[in-house]
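# Overview (structure and organization)
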Amino acid sequence: VQLQASGGGSVQAGGSLRLSCAVSGSTFSRYAVGWFRQAPGKEREIVCAVSRSGSSTYYIDTVKGRFTISRDNARNTVFLQMDSLKPEDTAVYSCAAGTTRYIADLTRTAIYDYWGQGTKVTVSS
């Protein structure tokens, strides 16, 4: 399974970006997908995740109401719409896939078996 993240860039605070994660090499609908980020000098953290069907999602508190994760199973792609961006959102964002069917597992980094390379997001004040 291969994952390709794209869509990063530089924006001013309050702006928007849309990240994409294209998944190939296996049946896309078998995988839950999560977005992670790692800021300079900080540990990687999960940002949000979506279940295999797309019916369930998870967000960390700091992005709730600003970020929206969605998936298009026909296009084998997961999207992350990021609005009202803040400087603290600056990080390298990566997507990852795992075969768990349990919603409670979406927050667990250990269930994600496949990782894509990161795309950099820079938010200036």
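These numbers were taken from a predicted model, which means no experiment stands behind them.

## Comments concerning the nonpolar core
Trp-35, Phe-67, Val-78, Leu-80, Met-82, Tyr-93 and Tyr-112 are the most contacted members of the largest nonpolar core, which totals 38 residues. Secondary structure elements with two or more residues in this core: strand S1 (2-6), strand S3 (17-24), strand S4 (32-38), strand S5 (45-50), strand S7 (67-72), strand S8 (77-82), strand S9 (91-98) and strand S11 (119-124). In contact with Leu-80, other than residues within four places in its own chain, are Leu-17, Arg-18, Leu-19, Trp-35, Cys-48, Phe-67, Thr-68, Ile-69 and Tyr-93.

## Details of the state of the cysteines
According to the stated counting rule, one finds one disulfide in the structure shown. Here Cys-21 pairs with Cys-95 through a disulfide, and the sulfurs are 2.2 Å apart. Judged by the torsion about the S-S bond (80 degrees), the Cys-21/Cys-95 disulfide is right-handed. Placement of the pair is Cys-21 in strand S3 and Cys-95 in strand S9, with a sequence separation of 74 residues. Unpaired in this structure, Cys-48 has its nearest cysteine sulfur neighbour in Cys-95, at a distance of 11 Å. Residue Cys-48 is classed as buried on the basis of its relative accessible area, which comes to 0%.

## Notes on the side chain of Asp-105
Locating Asp-105 in the fold gives a position in the loop between S9 and strand S10 (114-115). If we ignore the near neighbours within four places in the chain, the residues touching Asp-105 are Thr-100 and Ile-111.

## With respect to the packing of aromatic side chains
A complete count under the given rule lists three aromatic pairs for this structure. Plain terms: the ring middles of Phe-36 and Tyr-112 are 5.2 Å apart, the flat faces sit at 85 degrees to each other, and that makes the pair edge-to-face. Residue Phe-36 is found in strand S4, and its partner Tyr-112 is found in the loop between S9 and S10; the two are separated by 76 residues along the sequence. Like Tyr-112, Phe-36 is buried. Their ring planes at 50 degrees and their centres at 4.6 Å tell us that Phe-36 and Trp-115 sit as a pair that is tilted. Of this pair, Phe-36 sits in strand S4 while Trp-115 sits in strand S10, and the two are 79 residues apart along the sequence. When its relative accessible area of 31% is taken as the criterion, Trp-115 is described as partly exposed. Cluster of aromatic residues (ring-pair linked, three or more members): Phe-36, Tyr-112 and Trp-115. The ring of Phe-79 has Arg-18 sitting right over it, with the charged end atom 4.0 Å from the ring centre.

## Overview of the sheet that holds S3
Whether parallel or antiparallel, the strands of a sheet pair through hydrogen bonds between backbone atoms. Across the sheet, which stays open at both edges, the four strands sit in the order S1-S3-S8-S7 with antiparallel pairing between neighbours. Across the chains shown, the open sheet's two edge strands, defined by having one partner strand only, are S1 and S7. Taking each pair of neighbouring strands and ignoring which way they run, the sheet shows an average axis angle of 15 degrees. Pairing geometry for S3 and S8, over six bridges, is antiparallel. Looking at the pairing, Leu-17 lines up with Met-82 of S8.

So, how was this worked out
- Residues numbered from 1 in each chain as written.
- Predicted model: local features only at pLDDT ≥ 70, side-chain atom pairs only at ≥ 80, totals over all residues.
- Heavy atoms only, no water.
- Core = buried A, V, L, I, M, F, W, Y, C linked by side-chain atoms within 4.5 Å.
- Buried < 20%, exposed > 50% of the residue type's maximum accessible area, 1.4 Å probe, protein only.
- Helix = DSSP H or I, 4+ residues; strand = E, 2+ residues; numbered from the N terminus.
- Contact = heavy atoms within 4.5 Å.
- Disulfide = S-S within 2.5 Å.
- Phe/Tyr/Trp six-rings, centres within 6.5 Å; stacked < 30°, edge-to-face > 60°.
- Lys NZ or Arg CZ within 6 Å of the ring centre and 35° of its normal.
- Pairing = 2+ DSSP bridges.
- Axes fitted to C-alpha atoms, helices over the stretch in contact; angles between N-to-C directions.

In short, geometric facts, not functional conclusions.
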